[in-house]
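Structural features, examined
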Amino acid sequence: MVSGKKGIGRCVSVQKELYSIVSIVMATLSSDGHYEWAKEVKAFDETKAGVKGLVDAGVVKLPKLFVHRPETLNHPSPPCNDTVQLPTIDFTGLESGSGGARRREIVDEIRKASEEWGFFRIVNHGVPLRVMDAMLDGIRGFHEQPQEAKMHLYSSDSKRSVRFNSNVSLGDFDPACWRDLLTCVFRDDTLDPQAIPQVCRKEVQEYSKCMMELRETMAELLSEALGLGRDYLSRMECMKSQALACLYYPVCPEPELTFGTAKHSDTTFLTLLMQDSIGGLQIVHQNQWVDVPPVRGALIANIGDLMQVEEVVTMAIVSSNTHYEWAKEVEEFDETKAGVKGLVDSGVVKLPRLFIHPQRNDLNKSAVSLELPTIDFCGLESSVSGGRREIVEEIRKASEEWGFFRIVNHGVPLRVMDAMLDGIRRFHEQPAEAKMHLYSSDSKRKVRFNSNVSLRELDPACWRDLLTCVFQDDTLDPEAIPLVCRKEVQEYAKYMIELRETMAELLSEALGLSSDYLSRIECMKSESLACLYYPVCPEPELTFGTSAHSDTTFLTLLLQDSIGGLQINHQNQWADVPPVRGALIANIGDLMQ
């Protein structure tokens, strides 16, 4: 049995020179993966009833949309540590007149907890217990009312100040979490009371008022912990606006298959979390999961990354210079329907903030020089049986040790590959007006043009454009393919479908199964061509062409142009994968695991 490493890759070659890069990815999709996924997301969203609606409908089996990968559920890493306790900071005496000694102690405790944990529990913080209890009851009341009373609020539009949904915007294949969410955004501390659902309006208003007062206190204490003036963060308006994320976790028929909230980090300035009495929150400390049991009347402060959370009410204090400019910039960029190439054509000389990746600095660390396994398919169909067995063994070994391998002499003619690269370059380099009608992030459209699909809130965008062509059951209406590259896409897809059949046989044999096994269970029945284009970048040191990720497909076959830039992760190190003309890169995807 192949125990393959998941292929984690990124493209870092966002060039400043006067040339562009094209890469074409043929992602082989499960026949019951992408298409049922898209269908199930659509069907779920159309109910506008959320997860509670599924429970009310009497569901007894977890819908596939909510099932998380076995390696995430069954092999938690890091392990859980039951002996470590989250620091608790008591704000009693914060404003006492004893020369400020107690305040200095509190500031020191915050500094230490922030440095060592990134989290701490706060007690005696000034928010009345009756207000906290009322807020929990009010949010429960909102989520447990009949679905007809909530449907008008159902939306994933981050520009709406008050919205109800379950999982915001899912990326392709992302498993959903078993929860519902009411979001109330107070921009510059204001929100029209009439926009708040009446069932919890009074409670939300009173709770948010108390949290705004606590936010000011936290801004002062954090400023002092940083060694700055007490009013520094307030003057910088780092915590000027707030978002109340009010989460509700209904009864789940198969809780062992899903999460309430999966592992994540909060991309906010500060999160203040109120738990109910049920618990379930875990955080990562020193590479171990730590349970955080609820304490009535306490709040959890989150400063920094690595938080896995299952909470009822979250107060996410969002920088007014982050969330709102982010949403505005995404909207303005999408409205152009011109993609990243449109920015370049407009003469942009400074990278828009939307595309800046803070973690880009890690590229200062040189990638290691490792040789990706190359598998030559020459002789695969020869009468000498040993040749095929050798190739199968090479695939098994490369899949186990790398999750990637290069394929040469695979049967796709060089002229077809070169023509495909040229055709995709022509599509992306034609005037914006010729592409605008295809611009969409709707995963249900078979042919679509965009840049970053659907971004989660605050996610930095990548500097690239993308043409996607989905062949469902190996078919796609030729008229739907842009004329400028129609012939090339059709011919390339034909050869890739043939190669997919070969790969299905070889992978089946590498798994110790009959050669027709994967074909019989239709694991690779449909294909998606993801045709990426990386325009000239004014500040390439600040962004990615494609950031670190894994492919949630069965198999990805990548055609590189001559520029290069691909890196893969091997043994926790990034390794360059220089292009080889006529070769393809095979990536064992998540679903193959």
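This one's a predicted model, so the numbers in the text were calculated from it and none came from an experiment. (Residues numbered from 1 in each chain as written. Predicted model: local features only at pLDDT ≥ 70, side-chain atom pairs only at ≥ 80, totals over all residues. Heavy atoms only, no water.)

**Description of the overall build of the protein chain**
Under the convention used in this document: Strands here mean DSSP runs of E at least two residues long; helices mean DSSP runs of H or I at least four residues long; both are numbered from the N terminus. The cut-offs for exposure are 20% and 50% of the maximum accessible area for each residue type, with area from a 1.4 Å probe on protein chains only; residues under the lower value are buried, those over the upper are exposed, and the others partly exposed. Between two residues, a contact is recorded if the distance between any of their heavy atoms is within 4.5 Å.
Counting its secondary structure elements, the protein chain contains 13 helices and 24 strands. Burial analysis of the protein chain (593 residues in total) assigns 53% to the buried set. A sequence separation of at least 24 residues applies to 79% of the contacts in the protein chain between residues at least 6 apart.

**Some remarks on the packing of aromatic side chains**
The description of two aromatic rings rests on the distance between their centres and on the angle between their planes. In plain terms, the rule: Stacked, edge-to-face and tilted labels apply to pairs of Phe, Tyr and Trp rings (six-membered ring for Trp) whose centres lie within 6.5 Å, assigned for plane angles under 30 degrees, over 60, and everything in between, in that order.
Summed over all chains, the structure comprises 8 aromatic pairs. With a centroid separation of 5.7 Å and an interplanar angle of 80°, the aromatic rings of Phe-427 and Phe-449 are classed as edge-to-face. Note that Phe-427 is positioned in helix α11 (residues 414–429) and Phe-449 in strand β17 (residues 447–450), a separation of 22 residues in sequence. An aromatic cluster of at least three residues, connected via ring pairs, comprises Phe-44, Phe-66 and Trp-178.

**Overview of the packing of helix α5 (residues 129–143) against helix α6 (residues 201–225)**
Helix packing for two helices is described by the angle between their axes and how far apart those axes are. Condition: To obtain each axis, a line is fitted to C-alpha atoms, and for helices this fit is confined to the stretch in contact; angles are then taken between N-to-C directions over 0 to 180 degrees. Should an angle lie under 35 degrees it is considered roughly parallel, over 145 roughly antiparallel, and from 65 to 115 roughly perpendicular; all remaining angles are considered oblique. By definition, turning the near helix anticlockwise from the far helix through less than a right angle yields a left-handed crossing, and turning it clockwise yields a right-handed one. All residues other than Ala, Val, Leu, Ile, Met, Phe, Trp, Tyr, Cys, Pro, Asp, Glu, Lys and Arg, Gly among them, are scored as polar; the first ten of these are nonpolar and the last four charged.
Two elements in contact, α5 and α6, have axes whose closest approach is 9 Å; the angle formed by their N-to-C orientations is 135°. Considered as vectors, α5 and α6 are oriented oblique to each other. Our pair here, α5 against α6, has a crossing hand that is left-handed. Contacts from Arg-130, Val-131, Met-132, Ala-134, Met-135, Gly-138 and Ile-139 in α5 reach Glu-203, Val-204, Glu-206, Tyr-207 and Cys-210 in α6. When its residues are assigned to classes, the contact of α5 with α6 shows 8 nonpolar, 1 polar and 3 charged.

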